[in-house]
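# Per-entry structural report
Given next are the chains, with one letter for each unit.
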Amino acid sequence: MGTTVTRAMILAAGRGERLRPFTDHIPKPLLEVAGKPLIVRHLESLAAAGIRDVIINVGHLGDVLMQALGTDWHGVGIRYSDERDGRLETGGALVRALPLLGDAPFLLVNGDICTDFPWSRLCQPAASRGHLVLVPNPAQHPHGDFALRGGLVALTGEERHTYAGIARLDPALFRDFPEQSAPLAPWLRRWIAAGLLEGTLYRGRWTDVGTVERLLTARRECAEAAGRGL
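Residues numbered from 1 in each chain as written. Predicted model: local features only at pLDDT ≥ 70, side-chain atom pairs only at ≥ 80, totals over all residues. Heavy atoms only, no water.

What follows concerns the pattern of salt bridges. For the coordinates displayed, the defined rule picks out eleven salt bridges. For Arg7, the salt bridge is made with Asp53, and the minimal N-O distance between the two is 2.6 Å. Of this pair, Arg7 sits in strand β1 (residues 7–11) while Asp53 sits in strand β4 (residues 53–58), and the two are 46 residues apart along the sequence. By relative accessible area, which is 24% here, Arg7 ends up partly exposed. Between Arg84 and Asp63 there is a salt bridge whose closest N-O contact spans 2.1 Å. Linking Arg84 in the loop between β6 (76–82) and α3 (90–101) with Asp63 in helix α2 (residues 62–69), this pair joins segments that are 21 residues apart in sequence. Salt bridges here are not isolated pairs; linked through shared partners, they connect Arg7, Asp53 and Arg79. (Salt bridge = Lys/Arg side-chain N within 4 Å of Asp/Glu carboxyl O. Helix = DSSP H or I, 4+ residues; strand = E, 2+ residues; numbered from the N terminus. Buried < 20%, exposed > 50% of the residue type's maximum accessible area, 1.4 Å probe, protein only.)

We now examine the environment of Glu221. Relative to the elements of secondary structure, Glu221 occurs in helix α5 (residues 212–227). Residues Glu221 and Ala34, spaced 187 residues apart in sequence, show a C-alpha to C-alpha distance of 8.9 Å. Discounting residues that sit within four places of it in the chain, Glu221 has contacts with Arg205 and Thr207. (Contact = heavy atoms within 4.5 Å.)

Within α2, burial applies to Gly62, Leu65, Met66 and Leu69. Seen along its axis, α2 keeps its buried residues to an arc of 95°; they face one direction. In this fold, the buried residues of α2 make contact with α1 (38–48), β4, β5 (72–73) and β6. Looking one or two residues beyond α2, the residue adopting positive phi is Gly70, at roughly 70°. (Arc of directions from axis to C-beta.)

Structure below.
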């Protein structure tokens, strides 16, 4: 039935063009929401769920990010997959990081989301090769990505949802791909068509912090949640 997940990879190499001028001097994952960097929010919640080993891919302003986080964050070991020689897309980034990821399933987390998702839901032993978390479609992505059918992610369906940038994946899924710049989406669709990926719909707090407007939205929502003691 698989093993308990104790490792995660945070995707943090992006330039963040739509967040300029903030990202001219600050890596996108270090942008603060309610007084705390996005990536620190991830590290806190991942550690609370039992994650003890985190791999972070670095590209734009990677030196700044590595200096800010170091290699040990309150008992969570941090290792870096270096893409400063030319950023790989998500698929290629995962292939490059395979030597660090090992053989056991790991959590995959987009570094530019702000969420209260309970990571422990994905850390329990499971038989499936992967699990995608979907969210209700945000305004900037009204048509969604995938549907859910009988606990599995489906390519088609009457109600489609948006991939949240949160997943549990088996490294074996990536073994046959070469290390080169490649998006993850076509691979996800291949695995979904083969019936390999389970999925759930999460209706809690989630924001894709991809623009200045959405960064401000995340800051407001987190501040309101803190005011309510959440």
